[in-house]
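A closer look at the structure
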Amino acid sequence: MKILKTIEEIKAFAGEMSKAGKKIGLVPTMGALHEGHLTLMREARKECEIVIASVFVNPTQFGPNEDYDAYPRKFEEDCQKLEQEGIDAVFHPEPEIMYPQGYLTYVNVDGDITNKLCGARRPGHFRGVATVVTKLFNLSRATDAYFGQKDAQQVVVVRRFVEDLNIPVRIHMVPIVREESGLARSSRNMYLSSEEREAALVLSRSLKKAETAFAGGEKDTSALKKLVREELAGEKLAEIDYVELYSFPALQELAKVDQPALLAIAVKIGKTRLIDNVILGSER
Ligand code: PAF
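Please read all numbers here as calculations on a predicted model, not as lab measurements.

Points about the overall build of the protein chain
- Looking only at helices and strands, the protein chain has 10 helices and nine strands in total.
- Relative to a compact globule of 284 residues, whose C-alpha radius of gyration would be 19 Å, the protein chain shows 19 Å and is just as compact.
- Projected onto its principal axes, the C-alpha positions of the protein chain cover 55 × 40 × 40 Å.
- Residues classed as buried in the protein chain amount to 53% of the 284 residues present.

In structure tokens form, the structure reads like this:
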């Protein structure tokens, strides 16, 4: 596996592969790789001739009081995992390589898809994501890129700017990977103590409750959100950030779930903010 650290290195590698007409899959990550990421790698490996992973903790998507400094960095372990998945190259730049002195350009997705959910709680977050992902698409010459459903709003945002900016890449959304307990895999699970990890099971449990009610015929948005809130309220270590339900992928308000809809939650367990979601009304 090639380790690419500079703009010149990734441009040379991707340029050569692109010139040879290869289908190039990109899996953008911030590292601390877990089964969720590895599932994305496997999807890409199945479908693409060349797979490039990026491992970059992107400073522009973190707010001033967020966990940029504390975010786990485990590049050596990540490389071992990527090698095992047969990844062709990993791009691992330093922040100054991606944002050198004089850097001034950002990609901003306006409107209804960024003014709610994590976009409302984390000002500037999606601007940072859209900027770095655009740069990664340009550098990797990706024909295909793989993102997890756990960050469903991120997928909506990426699809929007890819279409709006006419970027020639296909976006694949891969279902959430969960532990047997139901806990959605996340690099931030590493912050949890064992007591908090137990408490964190309330996220998936609350969504399951709503999913079951929906399958049983409950289509009322407020009733479904109430079920989730009630379950979350039963866990004393859990502090609700949001419980929301919107049409998917348009992210519009819905009184009744009469089309595919995203039921999404953000919950603080101790100091750790976790997100999870389920898509109602579609096979996924
Ligand atoms: O989902 C993530 O880990 C990040 O937001 C991404 C897509 C790698 C951009 O930094």
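Side note on the packing of aromatic side chains
- This model, assessed by the stated rule, comprises seven aromatic pairs.
- Between tyrosine 99 and tyrosine 103, the ring centres sit 5.1 Å apart and the planes meet at 90 degrees, which makes this aromatic pair edge-to-face.
- Ring geometry for tyrosine 103 versus tyrosine 106: centroids 5.6 Å apart, planes at 80 degrees, classification edge-to-face.
- Site record: aromatic cluster; members linked through ring pairs are Phe56, Tyr99, Tyr103 and Tyr106.
- Of note, arginine 73 hangs over the ring of tyrosine 68, and the distance from its end group to the ring centre comes to 4.8 Å.
- The ring of tyrosine 106 is capped by arginine 127, whose NZ or CZ atom sits 4.0 Å from the centre of that ring.

Remarks on the environment of leucine 117
- Note on placement: leucine 117 falls in helix H5 (residues 117-121).
- The exposure class assigned to leucine 117 is buried, which follows from its relative accessible area of 1%.
- In this structure the C-alpha to C-alpha distance between leucine 117 and valine 162, which are 45 residues apart in sequence, comes to 21 Å.
- Setting aside its immediate chain neighbours within four residues, leucine 117 contacts Gln153, Tyr242, Glu244, Tyr246, Leu251, Leu262 and Ala264.

Concerning unusual backbone geometry
- A cis amide bond, omega 10 degrees, links phenylalanine 248 with the succeeding residue proline 249.
- Its place among the elements puts proline 249 in the loop between strand S7 (238-247) and strand S8 (261-269).
- Residues other than glycine seldom take positive phi values, yet arginine 141 does so here, at roughly 55 degrees.
- Following the sequence through the fold, arginine 141 ends up in the loop between helix H6 (125-140) and strand S5 (144-148).
- With a phi close to 55 degrees, asparagine 166 is a non-glycine residue in the positive phi region.
- Mapping asparagine 166 onto the fold places it in the loop between helix H7 (152-164) and strand S6 (170-174).
- A residue is classified by how much of its surface remains accessible, and asparagine 166, at 64% relative accessible area, is exposed.

What about the pattern of salt bridges?
- Tallied over the full model, the rule gives 19 salt bridges.
- One salt bridge connects glutamate 231 with lysine 209, and the closest N-O pair in it is separated by 3.0 Å. With glutamate 231 in helix H10 (residues 221-233) and lysine 209 in helix H9 (residues 201-215), this pair connects stretches of sequence that are 22 residues apart.
- For lysine 209, a relative accessible area of 37% translates into the label partly exposed.
- With its nearest N and O atoms 3.6 Å apart, the salt bridge here joins lysine 256 to aspartate 220. Here lysine 256, found in the loop between S7 and S8, pairs with aspartate 220, found in the loop between H9 and H10; they are 36 residues apart in sequence, far enough to count as distant.
- A relative accessible area of 26% places aspartate 220 in the partly exposed class.

A look at the site of the ligand
- Every residue lining the ligand is accounted for by Pro28, Thr29, Met30, Asn58, Gln61, Val129, Val132, Phe147, Asp151 and Gln154.
- A distance of 2.6 Å is found between an oxygen atom of the ligand and a side-chain nitrogen or oxygen belonging to glutamine 61.
- Here an oxygen atom of the ligand and a side-chain polar atom of glutamine 154 are 2.7 Å apart.
- Within the complex, 89% of the 290 Å² of free accessible area of the ligand lies under protein.
- Every element with two or more residues in the shell around the ligand is listed here: strand S2 (24-29) and H6.
- Taken together, the residues of the shell around the ligand sort by class into five nonpolar, four polar and one charged.

Examining the layout of surface pockets
- One number sums up the size of the second largest pocket: a volume of about 270 Å³.
- In this structure, the second largest pocket is lined by 16 residues; those nearest its centre are Ile176, Arg178, Glu211, Asn277 and Val278.
- Of all the elements in the fold, those that place two or more residues in the lining of the second largest pocket are H9 and strand S9 (272-280).
- Ranked by the residues each element gives to the lining of the second largest pocket, the list is headed by H9, at five residues.
- Among the residues making up the lining of the second largest pocket, the classes are represented as six nonpolar, five polar and five charged.

Conventions we followed
- Residues numbered from 1 in each chain as written.
- Predicted model: local features only at pLDDT ≥ 70, side-chain atom pairs only at ≥ 80, totals over all residues.
- Heavy atoms only, no water.
- Helix = DSSP H or I, 4+ residues; strand = E, 2+ residues; numbered from the N terminus.
- Rg over C-alpha atoms; globule rule 2.2 N^0.38 Å.
- Buried < 20%, exposed > 50% of the residue type's maximum accessible area, 1.4 Å probe, protein only.
- Phe/Tyr/Trp six-rings, centres within 6.5 Å; stacked < 30°, edge-to-face > 60°.
- Lys NZ or Arg CZ within 6 Å of the ring centre and 35° of its normal.
- Contact = heavy atoms within 4.5 Å.
- Salt bridge = Lys/Arg side-chain N within 4 Å of Asp/Glu carboxyl O.
- Near = heavy atom within 4 Å.
- Polar contact = N/O pair within 3.5 Å; in protein donor to acceptor, adjacent residues only side chain to side chain.
- Areas by Shrake-Rupley, 256 points an atom, 1.4 Å probe, with all protein chains shown as cover.
- Nonpolar A, V, L, I, M, F, W, Y, C, P; charged D, E, K, R; others polar.
- 1 Å grid on protein atoms, 1.4 Å probe; cavity = no way out; pocket = protein on both sides within 12 Å on 5 of 7 lines; lining within 4 Å.
- Points joined across faces, edges and corners; volume = space filled by probe spheres on them.

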